[in-house]
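# A look at the structure
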Amino acid sequence: MYGVAEFTLEDDESGGSRLALSGPFLVATIGPVEHHLSEIAEPVSAIDLSEVSEIDTVGAWVTCRLAAKHSAEIVGASSQAQRLLNAVQGVSSDVDLTPERVPVWERVPEAVGQQVYSARAGIYGVVSFFGGILIGMANIIRHPSKFPMRALVRQMELVGVSALPIIGLMSFLIGIVIAQQGAVQLQQFGAETLTVNLVGRLTLRELGVLMTAIMVAGRSGSAFAAQIGTMKLTEEVDAMRTIGISPIEKLVIPRILACTFMMVLLGFYASVVAIMGGAVIGQVALGIPFFTFLGRIPEVIAEYDLWVGLIKAPVFGLIIALAGCYHGMQVQGNSEEVGRRTTMAVVSAIFAVIVLDAFFAVFFTEIGWG
């Protein structure tokens, strides 16, 4: 156990005060007295260390700071204390530790420029990753026996089958909201029967596939990034390369194929469930029988409305899987990187999906599928 660091002020013959320190002046004991020492306002001519039992670098630094503040002489120091005093003497500085803050009109453009310049490395990484996928696909085509069928089936179960309950519930509620809000507006014009058209077209063309893609990005895209990132962090990916197994073929390609294929089924499933949700509102609020609502869907919906959703779904699934697997393969350093890359995977996937959805909306309108 350490003792207690203490100090006393004594009158000096020269008219000033003599500060006598006693006890251990260590980092573990100096805390209670350091604040009181810094508050001494009267002039001190000498600091006596003869009663100090132990001293370390922190104690020596506090002593030198007091001596410099009062222009006092340090006396009574042992040989060990004197070596520490000589080592820390003069290390204090009055330089401002707060850096000068650059004005916002300079700081913001500089930060944007740095982000744009650093995006070059990201583009190189994405192109390299996509090239690795193409090479892996070519190897699998040349050697079909290397195709990871079990991994593909497992990922299809995780991405598709396990997501049916949550996507079904979400889609059912979206169908209810679309039908209810649409009916309220259409009733003003006596056209509430057009709610069938609204629900059918909106879910098949846009919201069914789009909301499913967002859900899959948050659920499966994040899982891809976290799983592969953890394997990268624990050097399992490096171990696979060491024994001659391609991580692209065994980890990435099954996830990409599963997500691309299952997005088609999930998107169609979500649209059907959303239409059923709209039919429930039609029965309850509009007086349209449930099966009459469903029977009118093929009459009011064009065939190309179904194809619009089916074409967008695999593209969205491909983008989500690419984002998740790419960011997972970029993990390195520490576990914090796993969380950061997982977040980046979800954000980039959702952003890309929304941008592509806008592009598809313009494209299908231009070709007459609007």
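The sections below set out a description of the structure shown in this document. Nothing here was measured: the structure is a model prediction, and the numbers come from that model.

## Some remarks on the overall build of the protein
- When helices and strands are tallied, the protein shows 12 helices and four strands.
- Along the three orthogonal principal directions, the C-alpha set of the protein runs to about 110 × 60 × 45 Å.
- Within the protein, the proportion of its 370 residues that are buried is 39%.
- The contacts in the protein between residues at least 6 apart in sequence include a share of 78% that link residues at least 24 apart.
- Working note: accessible area of the protein is about 20,400 Å², and carbon and sulfur atoms make up 63% of it.
- Charge centroids of the protein, computed over 22 positive and 32 negative side chains, lie 20 Å from each other.

## Here's the deal with the state of the cysteines
- Tallied over the full model, the rule gives zero disulfides.
- Sulfur of C325: no disulfide; nearest cysteine sulfur belongs to C259 and is 8.5 Å away.

## Points about the pattern of salt bridges
- Scanning the entire structure with this criterion turns up 12 salt bridges.
- The closest approach of N and O atoms between D48 and R18, which form a salt bridge, is 2.0 Å. Of this pair, D48 sits in strand β3 (residues 44–55) while R18 sits in strand β2 (residues 17–25), and the two are 30 residues apart along the sequence.
- With its nearest N and O atoms 3.4 Å apart, the salt bridge here joins R341 to E337. Residue R341 and its partner E337 are located together in helix α12 (residues 335–366), separated by four residues, close to a single helical turn.

## Quick look at the sheet that holds β2
- Spatially, four strands are ordered β1-β2-β3-β4 in an open sheet, and the strand pairing comes out mixed. Two strands lie at the open edges of the sheet, namely β1 (6–11) and β4 (73–75), each paired on one side alone. Averaged over all pairs of adjacent strands, the angle between their axes in this sheet comes to 20°, without regard to strand direction.
- Pairing of β3 with β4 involves three bridges; the strand directions are parallel.

## Things to note about the pairing of β3
- By the bridge criterion, eight bridges tie β2 to β3 in an arrangement that is parallel. The residue bridging S17 from the neighbouring strand is V44, located in β3.
- What joins β2 to β3 is helix α1 (residues 31–38), and the crossover it makes is right-handed.

## Some thoughts on the packing of aromatic side chains
- According to the stated counting rule, one finds nine aromatic pairs in the structure shown.
- Taking 5.3 Å as the distance between ring centres and 85° as the angle between the ring planes, the aromatic pair formed by F290 and F291 counts as edge-to-face.
- For F291, a relative accessible area of 67% puts it in the exposed group.
- Within the aromatic cluster, the residues linked to one another by ring pairs are Y304, F316, F359, F360, F363, F364 and W369.

## Some points on a nonpolar patch on the surface
- A grouping of V104, W105, V108, V112 and V116 is seen on the molecular surface, where their side chains present a nonpolar patch of about 520 Å² in accessible area.
- Position of V108 among the secondary structure elements: in helix α4 (residues 104–142).

## A closer look at the side chain of T29
- Within the secondary structure, T29 is located in the loop between β2 and α1.
- A distance of 2.6 Å separates a polar atom in the side chain of T29 from the backbone oxygen of P24.

## What to know about helix α10 (residues 290–300)
- Residues of α10 that are buried include every one of F290, F293, I297 and V300, and no others. One face of α10 carries all of its buried residues, which in axial projection span an arc of 90°. Turned more than 90 degrees away from the buried face of α10 sit F291, P298 and E299, all of them exposed.

## Some words on the pairing of β2
- Across the nine residues that make up β2, a large majority, seven, are buried.
- Judged from the six bridges that link them, β1 and β2 form a sheet pairing that is antiparallel. If you follow F7 over to β2, its bridge partner there is L21.

## Re the packing of α4 against helix α9 (residues 247–286)
- At their nearest, the axes of α4 and α9 sit 10 Å apart, and the two run at 95° to each other. With respect to their mutual orientation, α4 and α9 come out roughly perpendicular. Across from F129, G132, I133, G136, M137, N139 and I140 in α4, the residues of α9 making contact are I248, E249, V252, I253 and I256.
- Residue classes in the contact of α4 with α9 are distributed as eight nonpolar, three polar and one charged.

Cut-offs applied
- Residues numbered from 1 in each chain as written.
- Predicted model: local features only at pLDDT ≥ 70, side-chain atom pairs only at ≥ 80, totals over all residues.
- Heavy atoms only, no water.
- Helix = DSSP H or I, 4+ residues; strand = E, 2+ residues; numbered from the N terminus.
- Buried < 20%, exposed > 50% of the residue type's maximum accessible area, 1.4 Å probe, protein only.
- Contact = heavy atoms within 4.5 Å.
- Areas by Shrake-Rupley, 256 points an atom, 1.4 Å probe, with all protein chains shown as cover.
- Lys, Arg positive; Asp, Glu negative; His and termini not counted.
- Charge placed at Lys NZ, Arg CZ, Asp CG, Glu CD.
- Disulfide = S-S within 2.5 Å.
- Salt bridge = Lys/Arg side-chain N within 4 Å of Asp/Glu carboxyl O.
- Pairing = 2+ DSSP bridges.
- Axes fitted to C-alpha atoms, helices over the stretch in contact; angles between N-to-C directions.
- Right-handed = clockwise from strand over helix to strand, strands pointing away.
- Phe/Tyr/Trp six-rings, centres within 6.5 Å; stacked < 30°, edge-to-face > 60°.
- Patch = residues over 30% accessible without salt bridge, like charges linked within 9 Å, V, L, I, M, F, W, Y side chains within 5 Å.
- Polar contact = N/O pair within 3.5 Å; in protein donor to acceptor, adjacent residues only side chain to side chain.
- Arc of directions from axis to C-beta.
- Parallel < 35°, antiparallel > 145°, perpendicular 65-115°, else oblique.
- Nonpolar A, V, L, I, M, F, W, Y, C, P; charged D, E, K, R; others polar.

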